[in-house]
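Coordinate analysis (summary)
Here are the chains, one letter per residue:
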Amino acid sequence: MKHIILILMFLLSITSGYSLDNENVEPIIILKNATILDMVSDVGRKGTVIINGQIIQKITSENDFETPSNAITYDLTGKFIIPGLIDNHVHITHGSLKQAQDNLETALMNGVTGVRDMGGDGRMLALLKRNMLIGENNGPDVFFSTIIAGIKFFENDPRPGQVALGAEAGNVSWQWAIDKNSDFDSMVLQAKGLGATAIKIYTDVNKSLMNKVSQAAKKQGLKVWAHASIAPTRPLDVTNAGVDVMSHAGDFIQYELADDIKDRYAFSSKAEATKYKDQIGSIEFDIGNKKVKTLLSAMKKNNSYLDATLWVYTYRDDESALIRAQKATRLAYQHGVKIVAGSDHMINEENSDINIHNELALLVQAGLTNIDALRAATTNNAEGIGEESNIGSIEEGKLANLLVISSDPLLNITNTRKIQYVFKRGKVYKGIDSSRFAKKY
Ligand SMILES: [Zn+2]
C-alpha cells in the first residue's frame, strides 16, 4: 500500500509539474526565410532561426520543421540576420543613473546587445549589469572592469574621484591605486565580488607590477585589459604580460619605437605634453621594421586583441591621428592580430547616434573586409570579454542576441544601421534605422 501511494504521489508530481511548465512556457519565435550571417562562415545562408526563451534552439535550412502551436513566426524574406553588436569600449557612468539607463536603451534599439565598460563607477555598473541581465531595464548586457593604476593617476587625474564620489578614490573595489607592496590577490577578489569581468591596468604601472597584476587576475579567472601603451611599460611588455585586449591603435606602435617613453604626468605644461605627443606621432613605422614585426607577432602569439577605437580620433577631429591609427590597425590585421570594435564614446548625446556603426565603417576603411569588421564587433568582442560560449555568433545553444536588418552588410557596412528588430536574450524590440547618420569614409 505504501508503495502504491508513493507511486501515485510520484505520478501526480510529474503530471502537475508538466502542466505547470506548459502554462509558463515562453513562446517559440521562428525567424523564417532570412539570410543568416552567423559569423562562423564568411558568407550568408538562407534559413530559419528558432528561438526558445533566451536561447537559439535551432538553425535550419529545411522548411518542414514542426511549428509548435505557441510559436510566433516572422517572415523575413529579403532580410538579413546578424548577431547583436557589442561595443567593446564604453564609459557609461559619467552622468546620472537615469542618463546611463536611457543611453543604454537607445544603444539597444540601435543594435547593441552588449557593452564593455572601460572605467566608471563600479556601484552603478554593478546595478546596471544586474538590471540589464534580468530585464528590469532595457539595454545591452554590461561587462565592466576594475581599474588598477599607479598612484600618479589618482593624484593627477580628476576622473577617478568623479566615479568614486562618497568613497576614497583608488581604494575601492572598482579602482585601486597600487605600488609594489599592494595585495593584488585581495584587490582582484574584491573586483570579482563586485561583478567585474576584468582588471583594466592603467597608467603608471611598470612591467614587473603589470605581470603581477595580470597573474593575480588570471588566477581568479578575470580578463586583463589595458591601453596598448601605458608608460613606462611598452606595448611589447603589455602583450607579454598576458593582456587580453589592448586599446587604442593611435601611436601604440610608435611607443614601441620611441627612445624614451613618458606618461602624461611627466610634463609641466600642456604645450610640453602636446610637443611630445607630436614627436611620437611623427615616428615612421612599417612592417619591415624588426621591432614592429616583433610586437605584432607577439600580440598574435599571445592572443592580445587590438581595440582600435578609430572613432575617437574622428570625434576629436584629429585627421592625421586617424590615418596613423588606421595604418597601425591595418598592419596588425594583416599580420593576424585580431581586431575588436569599440567606440570609446558610445552615444552622440546631441542626436542619439550610436557610434559602433561609425567604428565599423572606419575599420572597413582601414582595410578590414566587411565580414571581419562584423566579427570585430561580435565574435572577437565576445572572446575579449570571455563570453564566446554565450554570445557573438549565431549558433545553436547561444543566447538569442540578434539583429534583423533590411540590407546586406557584406555589400555595404553602413547597412548595419538598417535595423528592423533587435532580439536580446530572446526578447524582441523594434529597431531604429539610423541610416541618415551614415558617413562616407
Ligand atoms: Zn576609454
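Above this text is the structure in question.
Description of the structure in this document.

The rules we used
- Residues numbered from 1 in each chain as written.
- Predicted model: local features only at pLDDT ≥ 70, side-chain atom pairs only at ≥ 80, totals over all residues.
- Heavy atoms only, no water.
- Patch = residues over 30% accessible without salt bridge, like charges linked within 9 Å, V, L, I, M, F, W, Y side chains within 5 Å.
- Areas by Shrake-Rupley, 256 points an atom, 1.4 Å probe, with all protein chains shown as cover.
- Salt bridge = Lys/Arg side-chain N within 4 Å of Asp/Glu carboxyl O.
- Lys, Arg positive; Asp, Glu negative; His and termini not counted.
- Charge placed at Lys NZ, Arg CZ, Asp CG, Glu CD.
- Helix = DSSP H or I, 4+ residues; strand = E, 2+ residues; numbered from the N terminus.
- Buried < 20%, exposed > 50% of the residue type's maximum accessible area, 1.4 Å probe, protein only.
- Contact = heavy atoms within 4.5 Å.
- Phe/Tyr/Trp six-rings, centres within 6.5 Å; stacked < 30°, edge-to-face > 60°.
- Lys NZ or Arg CZ within 6 Å of the ring centre and 35° of its normal.

1. A closer look at a negative patch on the surface
A cluster of acidic residues, D278, D317, D318 and E319, forms a negative patch on the protein surface. With respect to the helices and strands, the residue D278 is situated in helix α10 (residues 270-281).

2. Side note on unusual backbone geometry
The residue after A231, namely P232, is reached through a cis peptide bond having omega 5°. At R425, a position not held by glycine, the phi torsion is positive, near 50°. Here R425 shows up in the loop between β19 (419-424) and β20 (427-430).

3. Observations regarding the environment of Q420
As for its placement among the helices and strands, Q420 is situated in strand β19. On the basis of relative accessibility, which here comes to 28%, the residue Q420 falls in the partly exposed class. It is 37 Å that separates the C-alpha atoms of Q420 and K300, two residues lying 120 residues apart in sequence. Ignoring any residue separated from it by four or fewer positions in sequence, one finds Q420 in contact with K79, V404, I405, S406, Y429, K430 and G431.

4. Observations regarding the packing of aromatic side chains
For the structure on display, the rule yields five aromatic pairs. Relative to Y276, the ring of F267 has its centre 5.2 Å away and its plane inclined at 40°; by these criteria the two rings are tilted. Of the two residues examined, F267 and Y276, each falls in the buried class. Above the plane of the ring of W225 lies R116, whose end atom (NZ or CZ) is 4.4 Å from the centre. Just above the ring of F285 sits the side chain of K327; from NZ or CZ to the centre is 4.7 Å.

5. Let's talk about the pattern of salt bridges
Following the criterion strictly, the structure yields 21 salt bridges and no others. Linking K98 and D102 is a salt bridge whose minimum nitrogen-to-oxygen distance equals 2.7 Å. Residue K98 and its partner D102 are located together in helix α2 (residues 97-109), separated by four residues, close to a single helical turn. The class for D102 is partly exposed, based on a relative accessible area of 36%. In this structure, the salt-bridge partner of R116 is D307, at a minimum N-O distance of 3.2 Å. Here D307 lies in strand β14 (residues 305-307) and R116 lies in strand β7 (residues 112-117), a separation of 191 residues in the sequence. For R116, a relative accessible area of 0% translates into the label buried.

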